[in-house]
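# Breakdown of the fold
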Amino acid sequence: MQRFLSIKWIALYCAIFFLLMWIFSIFWSVEPELFEPAELAQQQAQLNNEKVVPGYTMTSTLIVVTESLLNKSGGYLSNDVLPPSVLMDDMPSWEFGVLEMTRDLALAMRKDLSRSQSQSIENSFLTKAQPLFNNNHLDWILPSAESRYQEGIDNLYLYRKSLSDISQGQGQFYARADNLRDWLKQVEKRLGSLSQRLSASVGQDRLDTSLAGDAQATQSTPTAKNLVDKTSWWKLDDTFYEARGASWALLHFLKAVEADFADVLEKKNAGISLQQIVRELEATQEPIWSPVILNGSGFGLLANHSLVMANYISRANAALIELSELLNQG
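As the structure is a prediction and not an experimental result, all values here were calculated from the model.

Taking 1.5 Å per residue, 25 residues should reach 36 Å; helix 8 (residues 236-260) reaches 36 Å between its end C-alpha atoms and fits that length. Within helix 8, 22 of the 25 residues are buried, which leaves it mostly tucked inside the rest of the structure.

Along the chain, L142 connects to P143 via a cis peptide bond; the corresponding omega equals -5 degrees. Tracing the chain through its elements places P143 in the loop between helix 5 (124-132) and helix 6 (145-164). In the Ramachandran plot, N49 falls in the positive-phi region, its phi being about 55 degrees despite a non-glycine side chain. Judged by relative accessible area, N49 falls into the exposed class, the value being 74%. Residue N269 is not a glycine yet carries a positive backbone phi of 55 degrees. With respect to the helices and strands, the residue N269 is situated in the loop between helix 9 (262-268) and helix 10 (271-283). Exposure remark for N269: the relative accessible area of 63% places this residue in the exposed category.

Here the focus is the packing of aromatic side chains. Taken as a whole, this structure holds 8 aromatic pairs when the rule is applied. Geometrically, the ring pair formed by F35 and W248 is edge-to-face, given 6.4 Å between the ring centres and 70 degrees between the ring planes. A residue pair is termed long-range when its members are at least 10 positions apart, and F35 in the loop between helix 1 (7-28) and helix 2 (37-47) and W248 in helix 8 qualify at 213 residues. Pair check on accessibility: F35 and W248 agree, each one buried.

For the rest of this paragraph, the subject is the nonpolar core. Counting residues in hydrophobic clusters, the biggest one holds 75 residues, and the most contacted among them are W183, L254, F261 and L323. Residue contacts for L323: discarding those within four places in its chain leaves L184, L265, A270, S273, L274 and I277.

Reading guide: rules and limits
Residues numbered from 1 in each chain as written. Predicted model: local features only at pLDDT ≥ 70, side-chain atom pairs only at ≥ 80, totals over all residues. Heavy atoms only, no water. Helix = DSSP H or I, 4+ residues; strand = E, 2+ residues; numbered from the N terminus. Expected span 1.5 Å × (residues − 1). Buried < 20%, exposed > 50% of the residue type's maximum accessible area, 1.4 Å probe, protein only. Phe/Tyr/Trp six-rings, centres within 6.5 Å; stacked < 30°, edge-to-face > 60°. Core = buried A, V, L, I, M, F, W, Y, C linked by side-chain atoms within 4.5 Å. Contact = heavy atoms within 4.5 Å.

In structure tokens form, the structure reads like this:
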């Protein structure tokens, strides 16, 4: 026994342990593959003997995207308190980006997409599902974040079933241009924030434009006219993977929009604009060949992955703003 407790053997045990942890961390860092929402909705409908109606594809996509957080390689990692996941930050950041987009769409479905007018009654399934996705993503003591999110998914399944069940008449999804535009306006703000944080990887001197465009506008506390915006060196890779996760989720949601809002997009001649946004977001999912996220100084010797990601997201956001304007036109 003393032989196997020598310094040599203890060092060997530690080396094997850390090697296994490193292998697990690599395996658990594999991102879920892309899928086609329209094809998935058709498969789900055939499997459950349901009919693909407006809203079925988007609801199915929201379900699969959220389930990916729980069932991907390694499962849900954000709230783990044991190694190796407690030492990982890239995949938890990716999960948070997906979760933020999921929360925005769940709220839009509850407030707008499932209601005809402001005086209409909220759908009971979405009323239960949406708050569950807003639980703290770091909770691990019962009830854990995973259990809450799974409960929200279960209610989404019930809502999707009610959409194609004519006998119930309770589940509704209104594929209207104004409903779609309301959700896209929220997405614009989300992408704008991500783009700004990514661009700040090299530091920016910018002017305060908070009150621009309104001579009578005021704010609670004064701020300097010249602002220095720079993302912390410790948060650069976290911001990158959060943006990558958000883009992954949004890419699928917009493909679902192509199916559920096909008539609206055709009437507004906005289909090509949506396809361009999808193409920009697809570029954010290209394989990362570097073992680490590099953030060189602008035109310096090293690559700047954050600025490349910011470029794609900014272009997608600009196209998204144009799409919103098209939907607002008669």
